[in-house]
Each structure stands twice: as structure tokens, then as C-alpha cells.
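Below are the chains, spelled out letter by letter.
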Amino acid sequence: MSERNPGFSTRAIHAGQEPDALTGAVVPPIHQVSTYKQDGVGGLRGGYEYSRSANPTRTALEECLAALEGGSRGFAFASGLAAEDTLLRAVTTPGSHAVIPNDAYGGTYRLFAKVTHPWGLDYSPTDLGDLDAVRAAIRPETSVVWIETPTNPLLSIADVAAIAELAHAVGAVVVVDNTFATPYLQSPLELGADVVVHSTTKYAGGHSDVVGGALVTSTNPVRDDLDERIAFHHNSMGAVAGPFDAWLVLRGLKTLAIRMERHCDNAERVVEMLQAHPRVGAVLYPGLASHPNHEVAAKQMRRFGGMVSFRLRGGVEEALTVCKRAELFILGESLGGVESLIEHPGQMTHASAAGSLLEVPNDLVRLSVGIEDGDDLLADLEQALS
Ligand code: PLP
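What counts and how
Residues numbered from 1 in each chain as written. Predicted model: local features only at pLDDT ≥ 70, side-chain atom pairs only at ≥ 80, totals over all residues. Heavy atoms only, no water. Near = heavy atom within 4 Å. Polar contact = N/O pair within 3.5 Å; in protein donor to acceptor, adjacent residues only side chain to side chain. Areas by Shrake-Rupley, 256 points an atom, 1.4 Å probe, with all protein chains shown as cover. Helix = DSSP H or I, 4+ residues; strand = E, 2+ residues; numbered from the N terminus. Nonpolar A, V, L, I, M, F, W, Y, C, P; charged D, E, K, R; others polar. Pairing = 2+ DSSP bridges. Contact = heavy atoms within 4.5 Å. Axes fitted to C-alpha atoms, helices over the stretch in contact; angles between N-to-C directions.

Trainee: I tried to follow the site of the ligand on my own but got confused; where do I start?
Mentor: Of all residues adjacent to the ligand, which total 14 residues, the nearest are G80, D177, S199, T201 and K202. A distance of 2.9 Å is found between an oxygen atom of the ligand and a backbone nitrogen or oxygen belonging to G80. Note that an oxygen atom of the ligand is positioned 2.8 Å from one of the side-chain N or O atoms of S199. Taken by itself the ligand offers 390 Å² of open surface, and the protein chains cover 90% of this. Here the shell around the ligand gets three residues from one element, more than from any other, and that element is helix α3 (residues 80-91). When its residues are assigned to classes, the shell around the ligand shows three nonpolar, seven polar and four charged.

In C-alpha cells form, the structure reads like this:
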């Protein structure tokens, strides 16, 4: 690439993706291979020896992700949760402590509550929108402050720069789950985070055809050994992205910018319609001036994304009915694909948080607003709510 600092879509389409040296293929090949010929013992061609350690298709994705997040290194995993687990083992030890959002994604909460807590990592679910609460939750032994912004499914917002300052004072690693915003809408590493986490299953892949995860590290992390420790755990724990999955995510990334603009356009129309609807009690969207942390969102996000949650005045029964009646909005888990999805977090994605601090309201419906024609999406919601 030339000396110019390439723009977001140029990086998405070209970073890590030089035309193939042998054939000139403009798309990186799917290197569906486990091992590589060595030219004499230790004579590796391009550093590849075994595909758990490194694979050229995965390398292309990792370089592209690092370029999009403005980071030092990218690491591609078999799922978002695999990325999270690997990161936690790389940066915490039994006996240390984590601060997590009190409305984290249910699977993230389950990982802390049921996997790493029994292993010895203490954790404090905290309202990250309240900096005094964050300050009070951080302890001398806090090794990680885990931010999700916007959160899944309540779309609350945390001030990444302010929290990073508090966390770095005790040497804690600041992690931002950037799955909802994507690097197109938010750059956590520029705001002071040390690591970005993605479920690439979502907007990065963008077509609901792959499960994957990623980490991208800062060029200026709070811990000097961060890249090295993550690289070691990536290989040692082995939850890596396979070549075809890496290729699918890389293909998805090429259109991330134009997809996100369209997701945002459609979400804004949906928000406007829901706000005016008599059956809807509250609309949760960081782009609304009425959102409790709208100003922080406006400061650190370029637009506000494609995820919209709302509460039904008629309670759980009405929430379930709307989910069932929707047609174009497909009733299903996950998010971030081109097609619109609807779900009931309390009984679907966040059922594992039931009875815990992280339980979500049962009158809540979550939408992943896709990139279909906006008029059709509005018509479907109108009929589902009628
Ligand atoms: N982070 C967020 C915000 C998510 O929504 C999800 C999954 O829904 C994950 C992480 C976990 O990712 P995966 O399902 O790819 O393991």
C-alpha cells in the first residue's frame, strides 16, 4: 500500500490481502492444510509449521482485523467466547479480580460466573455507566476491567477513556467487547483500551454463516507482555479459527463499512417508529438524546449501530407475542447479519442470567436491524405490534 494512511474500507479490502504470490489470485486462498513442508529441519517457508500455530488464511484475517482496530496484533479464534476465555487466562491468575458490566452479554457473564470464578478469578458486576461505582469496584488485585459498550441487550454505554484511566492506575488490563459497535463505529484502542474482543460471528462476518472470535491488542498496552502472552495462550489453548471460517470473516469485513451505514439508517427509522408506538413503553438506543449516557456515546461512537431494544407496556406476554408475530424479522438468536432478527433476551440469549444480578427485564425485546429495505422492516414491526 502507498504511504497515504488508507481509509477504513481500503484497509478492510486490502490489509493482509496482497494478491497471492504464486497465482496473483486477488482473494487470499483458503489454506485448508494442517502442516507445511520444511526445507531442511526448521527451514520454514514464511514461518508456517503447523496450522494451530499459524495458517496463512488466518494470518490474512488477523492482519486485517489489526489494521481496522488500529492495533498491534490480531488473533482469530473459533468463537467469541473462545477469544474471551483465552484472554482471561492470559491476563489473570487465580486469586486476582475482574470488574465486569452488570449487564454483560449472558455468555460472558456465564464465563465469569461458572468457568473462571471456580478456577479462582473473583469478579464484581458493576454499573459501568457510573464512574464512582467503577472506582469503588476496582481493587489493588484487579487484573482486568471488562467493558462492553454498547451492552447486549440493554445497550448501556460505558466511557472507555475514563474507565481506562481508573483501571490503569492499578495496572489492570482494559478490555472492550466491540462486537456491537464494530471498528467502523468505535475505536476502543484509541480511547485507551488494551485489548478489543469480537464475536466475529456478528457484524464482522455479517452474513450469519460463521461462528468466530477475535482479539486485537493495543500498540501501547498497560502490560508489555500482552502480545506475547496472548500469542502463547492462543497456540497453547488451541481454540483457533479454521481456514474456511477465517476466510468467511475476511470476506465479510470487506463490506463492513457500507453494511454498518445501512444498519444504522434502518435502526434509526425503527427507533423513530417504536418511540411513537402506543404499545411500546421504552426504546433503548444510544443514539437517543434520552439515553442516560447519550453524550458519552456521541463522544466515542461515529454512529449508534443496528441494535435496538424495547420494552412492551403489556409485559412478558406481549413481548413474546410480538416475537412470534414478526415475519420479516426472523425469531432467532445472534445478531449482526444482513437479515433482521428479533428475540426475547430473558428466555433466549440471556436465559443463563435468570435469577442472577444480570437478569434482564422480561418485557424486553431485542432487534438486530438488518439491511433490508427500511419500509418493509417498519411494516413488519407495525403488524407484529398491532
Ligand atoms: N460478545 C457479545 C457482545 C456477544 O453478543 C456474543 C454472542 O452473542 C459474544 C461475545 C460471544 O460470541 P460467540 O457467540 O461468537 O462465542
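Trainee: How should I be thinking about the sheet that holds strand β11 (residues 341-343) in this particular structure?
Mentor: Strand order in the open sheet formed by five strands is β8-β9-β12-β11-β10, with mixed pairing between adjacent strands. A single partner strand is all that each edge strand has here, and the edge strands are β8 (280-284) and β10 (330-331). With two bridges joining them, β10 and β11 adopt parallel strand pairing. Residue pairing for β11: I330 is matched across the bridge by L341. The strands touched by helix α12 (residues 315-325) within the sheet are β9 (307-312), β10, β11 and β12 (364-368), with β9 carrying the most contacts at an inclination of about 135 degrees.

By themselves these figures say nothing about function.
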